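Given next are the chains, with one letter for each unit.
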Amino acid sequence: MRRFLPQTLPVWVLLIVIAGLLISQIATLYIVARDRDAANDVVDLYRLNDRAFSLVQLMHDATPEERKATASGLFNATYALTVSDTPAVTSSIAGDDELAELEDILVGRLTKFGITDARVRRDPATRESDAPGGAIMNKDVGQVERDLLVLAADFAQSDKLTASLRFADGQWLNFTEPITPVGPILSFDSLPLYALIAGLVVVMSIWSLRRLTAPYRMMETAVTRIGHDLKSPPIAESGSREIRAAAKAVNAMQLRLRDYVEDREHLAAALAHDLRTPLTRMRLRLELLRKSPARAALAHDLADIESIASSVIDFAKFEVTEEKAERIDFWSLVEAVADGFEEVSFDHDGTRPRGLICMARPVALKRCVTNLVQNAVTYGKKAHLSLERSQDTITLTIRDEGPGIQQAQLDTVFGSFVRIEQSRNRQTGGLGLGLTIARNIARAAGGEVSLSNHPGGGLLTELRLPLAA
């Protein structure tokens, strides 16, 4: 279920806005429909009351025959009107409280005209009324006339109120009043307008969300870039006040981190460099101890110290040295590195891959490939190289013939001064900085270095770099 839920804050907020919009629209339409029905009921009762007053006022002084003649002249299919000796509404009990109250109002208002009883009933629509369908479909009919014909057809087919009023002489006046037809809240004519408004709200919501979440996206991009390259250019401090404040904070953080790291890198490089002078003096003095039994042990320890100093200098130089990125033919670089090792061979069939161009610092990238190849040769006896291109990525695969590394320690070996003694011979050299330097260089170029155990034995090293645009 979780995989179907949104994973980002803007999408969640957008869904909430759309849901709120739908709920508010539905609630608004429901309230409008209910209020319109209530208003129409009141209007229908008012129209019946007004018509009853007009008809009674017209007929109360007339004789029974004159009343029938008048009713016959006013009769039509929509507004039926008759005068008879029996009421059209036979029941003296109203159907609901509204009609009962209306009957009392009619009697109270028309008593001065001789009305002694009033009965009102709701009748369902009869669908047999002749609707002016042909006239409506006539293309020569104007818009106003067409609207009037449509309204007349709706009135003819709507529910009706039937009223029976008794005069003092016992004669009943019966007439019908059509209930105002209620049109749909939504129609084909109004749907485009609703869709347009909803679309505008969604578009404005998306625009607002992008503006509101811009600092978060900017900080995410900046922090990711800083994580790959601490010397990346600072982000532009432009935009709204919040965006400028976030950009300024990120730039300040990057500057402090870079100063902190550079101070320690320069310190490590200076210490390692300064060690060379006393080491040189120690080596000269060691030459004077030609017949001493401790000479061999001291020479071995001195070589270890020099190796450590050289490794630390190389590790520090990676960040301290300023080198611009260039377009590099990666195949030529790998081939040049492989020429320096007799134990290296290529797995391809002799055809040279083309278009393997990447953007990186040349000296640093060569050091990265050299470290990976040397690591495979040193600990795995032989190294088998292969190059391939997949979409916009270059992949260098290095497979050695060594014992491999335990699965749980594949990421551990990338730490500084980390060596896996259980599977690698310490006497073969190395201080655990080669893979660290290689991964740092690859990441600075937008790539990655990963290790895995080959199913056929040995360690499988993959260097992935992005193709140059």
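Coordinates for the structure precede this section.
Residues numbered from 1 in each chain as written. Predicted model: local features only at pLDDT ≥ 70, side-chain atom pairs only at ≥ 80, totals over all residues. Heavy atoms only, no water.

### Comments concerning the overall build of the chain
Part 1 of the argument: Broken down by element type, the chain carries 12 helices and 11 strands.
Part 2 of the argument: Counting the 469 residues in the chain, one finds 33% classified as buried.
Part 3 of the argument: Contacts in the chain between residues far apart in sequence, at least 24 positions, make up 66% of those at least 6 positions apart.
Part 4 of the argument: Here the chain displays about 28700 Å² of accessible surface, and carbon together with sulfur accounts for 58% of that area. (Helix = DSSP H or I, 4+ residues; strand = E, 2+ residues; numbered from the N terminus. Buried < 20%, exposed > 50% of the residue type's maximum accessible area, 1.4 Å probe, protein only. Contact = heavy atoms within 4.5 Å. Areas by Shrake-Rupley, 256 points an atom, 1.4 Å probe, with all protein chains shown as cover.)

### Focus: the environment of I206
Part 1 of the argument: Along the polypeptide, I206 turns up in helix α6 (residues 191-228).
Part 2 of the argument: On a C-alpha basis, the gap between I206 and V13 in space is 9.3 Å, while along the polypeptide they are 193 residues apart.

### Regarding helix α10 (residues 330-338)
Part 1 of the argument: What α10 keeps buried is the set F330, W331, L333, V334, V337 and A338. Within α10, the buried residues cover an arc of 165° as seen down the axis, which keeps them to one side.
Part 2 of the argument: Capping the start of α10, D329 holds a side-chain oxygen 3.3 Å from the backbone nitrogen of W331, two or three residues further along. (Arc of directions from axis to C-beta. Polar contact = N/O pair within 3.5 Å; in protein donor to acceptor, adjacent residues only side chain to side chain.)

### Considerations on the pairing of strand β4 (residues 172-178)
Part 1 of the argument: Most of β4 sits inside the fold, with seven of its seven residues counted as buried.
Part 2 of the argument: On β4, burial covers both faces: W172, N174, T176 and P178 on one face and L173, F175 and E177 on the other are all buried.
Part 3 of the argument: One ladder, built from four bridges, connects strand β1 (residues 81-84) with β4; its direction is antiparallel. In the strand pairing of β4, L81 is matched with F175.
Part 4 of the argument: Where strand β3 (residues 160-166) lies against β4, seven bridges are found, and the strand directions are antiparallel. For T162, the partnering residue across the bridge sits in β4 and is T176. (Pairing = 2+ DSSP bridges.)

### Let's talk about helix α11 (residues 362-380)
Part 1 of the argument: Compared with an ideal rise of 1.5 Å per residue, which puts 19 residues at 27 Å, α11 spans 26 Å between its outermost C-alpha atoms and is within 8% of the ideal.
Part 2 of the argument: Taken together, the buried positions of α11 are A364, L365, C368, V369, N371, L372, V373, N375, A376, V377, Y379 and G380.
Part 3 of the argument: Looking one or two residues beyond α11, the residue adopting positive phi is K381, at roughly 70°. (Expected span 1.5 Å × (residues − 1).)

### Topic: the packing of α11 against helix α12 (residues 434-444)
Part 1 of the argument: One way to put it is that α11 packs onto α12 with a least axis distance of 9 Å and a crossing angle of 140°. Relative to α12, α11 is oriented oblique. The crossing of α11 and α12 is left-handed. Where α11 abuts α12, its residues A364, L365, R367, C368, N371, L372 and N375 lie against G434, L435, I437, A438 and I441.
Part 2 of the argument: Looking at side-chain class alone, the contact of α11 with α12 contains eight nonpolar, three polar and one charged residues. (Axes fitted to C-alpha atoms, helices over the stretch in contact; angles between N-to-C directions. Parallel < 35°, antiparallel > 145°, perpendicular 65-115°, else oblique. Left-handed = near helix turned anticlockwise from the far one by under 90°. Nonpolar A, V, L, I, M, F, W, Y, C, P; charged D, E, K, R; others polar.)

### Re the nonpolar core
Part 1 of the argument: Among the nonpolar cores identified, the biggest contains 42 residues, and F330, V369, V373, L385, L396 and L463 are the most heavily contacted of them.
Part 2 of the argument: Secondary-structure elements contributing two or more residues to this core are α10, β7 (357-360), α11, β8 (383-390), β9 (393-400), α12, β10 (448-453) and β11 (459-466).
Part 3 of the argument: With eight residues, α11 is the largest single contributor of residues to this core.
Part 4 of the argument: When near neighbours in sequence (up to four residues on either side) are disregarded, V369 contacts F330, L333, V334, V337, L396 and L463.
Part 5 of the argument: Core analysis: the second largest hydrophobic core is formed by 26 residues, L48, F53, F113 and I115 among them. (Core = buried A, V, L, I, M, F, W, Y, C linked by side-chain atoms within 4.5 Å.)

### As for the pattern of salt bridges
Part 1 of the argument: Applying the stated criterion across every chain yields a total of 12 salt bridges.
Part 2 of the argument: R439 serves as the salt-bridge partner of E448, at 3.3 Å between the closest nitrogen and oxygen.
Part 3 of the argument: The salt bridge involving R443 is made with E448; its shortest N-O contact spans 3.1 Å.
Part 4 of the argument: You can call R443 partly exposed: its relative accessible area is 29%.
Part 5 of the argument: When salt bridges that share partners are traced, they join D44, R47, R51 and E177 into one network. (Salt bridge = Lys/Arg side-chain N within 4 Å of Asp/Glu carboxyl O.)

### A few points about the sheet that holds β8
Part 1 of the argument: As summarised here, the arrangement of the five strands in space is β6-β8-β9-β11-β10, forming an open sheet in which the pairing is mixed. Whereas interior strands pair on both sides, the edge strands pair on one side only; in this sheet they are β6 (344-346) and β10. The sheet shows a mean angle of 25° between the axes of neighbouring strands, taken without regard to direction.
Part 2 of the argument: In terms of strand pairing, β6 meets β8 through three bridges, oriented parallel. What sits directly across from S345, in β8, is H384.
Part 3 of the argument: Contacts between α11 and the sheet are confined to β6, β8, β9, β10 and β11, with β9 contributing the most and set at about 25° to the helix.

### Considerations on a nonpolar patch on the surface
Part 1 of the argument: A surface patch of nonpolar side chains, amounting to about 550 Å² of accessible area, comprises L5, L9, V11, W12, L15 and I16.
Part 2 of the argument: Structurally, L15 can be placed in helix α1 (residues 9-59). (Patch = residues over 30% accessible without salt bridge, like charges linked within 9 Å, V, L, I, M, F, W, Y side chains within 5 Å.)

### Comments concerning the sheet that holds β1
Part 1 of the argument: Taken together, the four strands give an open sheet; going across it, the order is β1-β4-β3-β2, and neighbouring strands pair in antiparallel fashion. Edge strands, defined here as strands with exactly one partner in the open sheet, are β1 and β2 (117-123). Strand-to-strand twist across the sheet, computed as the mean angle between neighbouring axes with direction ignored, equals 15°.

### Details of the pairing of β11
It is a general feature of regular strands that their side chains alternate between the two faces of the sheet.
Part 1 of the argument: Relative to β11, β9 runs antiparallel, the two being bridged by seven bridges. The residue of β11 that forms the bridge with I398 is T461.
Part 2 of the argument: Both β10 and β11 contribute to a ladder of six bridges, which runs antiparallel. Residue N453 lies in a different strand from β11, and its bridge partner there is L459.
Part 3 of the argument: Following β10, the chain reverses through five residues before pairing antiparallel with β11; G457 in that reversal takes a positive phi of roughly 110°.

### What about the packing of α1 against helix α2 (residues 64-74)?
Part 1 of the argument: For the pair α1 and α2, interaxial distance at closest approach is 10 Å and the crossing angle is 140°. The pairing of α1 with α2 is recorded here as oblique in orientation. α2 is crossed by α1, and the crossing has right-handed handedness. Between α1 and α2, the contacting residues are L55, L58 and M59 on the first element and R67, T70, A71 and L74 on the second.
Part 2 of the argument: Classifying every residue of the contact of α1 with α2 by side-chain character gives five nonpolar, one polar and one charged.

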